[in-house]
Amino acid sequence: MAPLPPFSDRLLRWFDAARRDLPWRRTRDPWAIWVSEVMLQQTRVEAVRKSYEHFVASYPTAAAFARASDDELMLAWRGLGYYRRARLLRDGARAVVANHGGRVPRDADAIGELPGVGAYTRGAIASIAFDLPLPAIDGNVERVLARHLALRQDVATAPMRRAIAAAASERLDRARPGDFNQAMMELGAMVCTPTSPRCEQCPVAIDCQGHRAGIAMALPVRKPATPPLLVAACVAVVPAGSGVLALRVPANEPNAGQWDLPGPGVLQSVDEADFTQLTAARCGARIELGLRLVSVRHSITNHRITVGAHAGTNTSRARGKLEVLRPEDPAVPWTTVARKVFAALRTATGTSDA
């Protein structure tokens, strides 16, 4: 019997034939690759496609993004969520300008020292943009290797992380490290999927220990997920001038810096009877609730939120921290919850504006 070709040879042959045509795979520009890797964290590929192309057209270099204001940053990142990623990316871009003349460094250690760049992103940029032989281990790669090695312990533990890192380094194709890393991610995303692995289509199934033992579906082992927290939140739609009252979300809250409708905050379940007092403490204005207009649903991390949007009236003499903004203004970085409320109101009233 002929010896089995190396893992990397089988994987790369499959990748060369089956790889998806994704916009960030058409470039070796380290800035564009960096952007794509940050966008793809905790976000579906299809959700990233359009945002990525718009972003790199607007900010084709690290120096261009380093100059972006907070509002510009949030508008550019709209629809992707987890805005902290965008702020860290801008911090990284500013470090590139300050310390590297505006060019993403070729040195792997220097890449790893940039703000917001962890081991995975460092490996992805270094290997894909510069052909440096570093593994890039994301959730897909972790799953592929846990199954291939039949690792039966929690993959979040230090020994299992070391085992997976060693396996990734051992299998890495030194001649094509960027393609190898992308192939591993592609295999996890398209074949070795979390719930329905298609082992019959896998190029490395023949020596996959998890497949042989019939336990691939049970791997990787992780501790049970935390049950979601159910939240019944409340906001007010308060007409004012040519728009509605809005609050700039405070720095210590999710969606910090974006504009939201007045309320105690969407992570807080609120009895409508307590709304006015809680909102006054946050917004500096006394908002009385009227009829419920619409309800929308939203998720932030493990919070599953139902937001009741009510007609509201400002009974204070002043607006406090509130400003008048137009719902339809494309230059305003409204929160996703606010945009969902405006969309629901347009649907309910049959109008083009909230």
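Residues numbered from 1 in each chain as written. Predicted model: local features only at pLDDT ≥ 70, side-chain atom pairs only at ≥ 80, totals over all residues. Heavy atoms only, no water.

(A) Spatial organisation of the pattern of salt bridges. Tallying each qualifying case throughout the model produces 18 salt bridges. Close ionic contact of Arg176 with Asp179 constitutes a salt bridge, the shortest N to O distance being 2.9 Å. Glu328 is the salt-bridge partner of Arg326, the closest N and O atoms lying 3.1 Å from each other. Residues joined in a network through salt bridges with shared partners are Asp16, Arg176 and Asp179. (Salt bridge = Lys/Arg side-chain N within 4 Å of Asp/Glu carboxyl O.)

(B) Looking closely at the packing of helix α8 (residues 119-130) against helix α11 (residues 177-190). At a closest axis distance of 7 Å, the pairing of α8 and α11 adopts a crossing angle of 130°. Our classification of the angle between α8 and α11 gives oblique. As for how α8 packs across α11, the hand of that crossing is left-handed. Every residue of α11 that contacts α8 at Tyr120, Gly123, Ser127 and Ile128 is listed here: Pro177, Gly178, Asn181, Gln182 and Met185. Of the residues contributing to the contact of α8 with α11, the split by class is 4 nonpolar, 5 polar and no charged. (Axes fitted to C-alpha atoms, helices over the stretch in contact; angles between N-to-C directions. Helix = DSSP H or I, 4+ residues; strand = E, 2+ residues; numbered from the N terminus. Parallel < 35°, antiparallel > 145°, perpendicular 65-115°, else oblique. Left-handed = near helix turned anticlockwise from the far one by under 90°. Contact = heavy atoms within 4.5 Å. Nonpolar A, V, L, I, M, F, W, Y, C, P; charged D, E, K, R; others polar.)

(C) Quick look at unusual backbone geometry. Of note, the amide linkage connecting Leu219 to Pro220 takes the cis form, showing an omega dihedral of 0°. Counting through the fold element by element, Pro220 comes out in the loop between α12 (209-212) and β1 (229-237). Backbone geometry at Asp131 places phi at a positive 60°, although glycine is not the residue there. Among the secondary structure elements, Asp131 is positioned in the loop between α8 and α9 (139-148). Located in the positive-phi region is Thr301, a residue other than glycine, with phi close to 50°. Mapping Thr301 onto the fold places it in the loop between β5 (287-300) and β6 (303-314).

(D) Here's a closer look at the sheet that holds β1. One open sheet accounts for 3 strands, arranged β1-β6-β5; its pairing is mixed. Of all strands in the sheet, those bounded by a partner on one side alone are β1 and β5. The average angle at which neighbouring strand axes cross in this sheet is 20°, direction not considered. Looking at chain direction, β1 and β6 are connected through 9 bridges and run parallel. Note on β6: the bridge partner recorded for Ala232 is Thr306. Its contacts with the sheet put helix α13 (residues 275-283) on β1 and β5, and the angle it makes with β5 is roughly 70°. Against the sheet, helix α14 (residues 336-349) contacts β1, β5 and β6, and its axis sits at roughly 115° relative to β5. (Pairing = 2+ DSSP bridges.)

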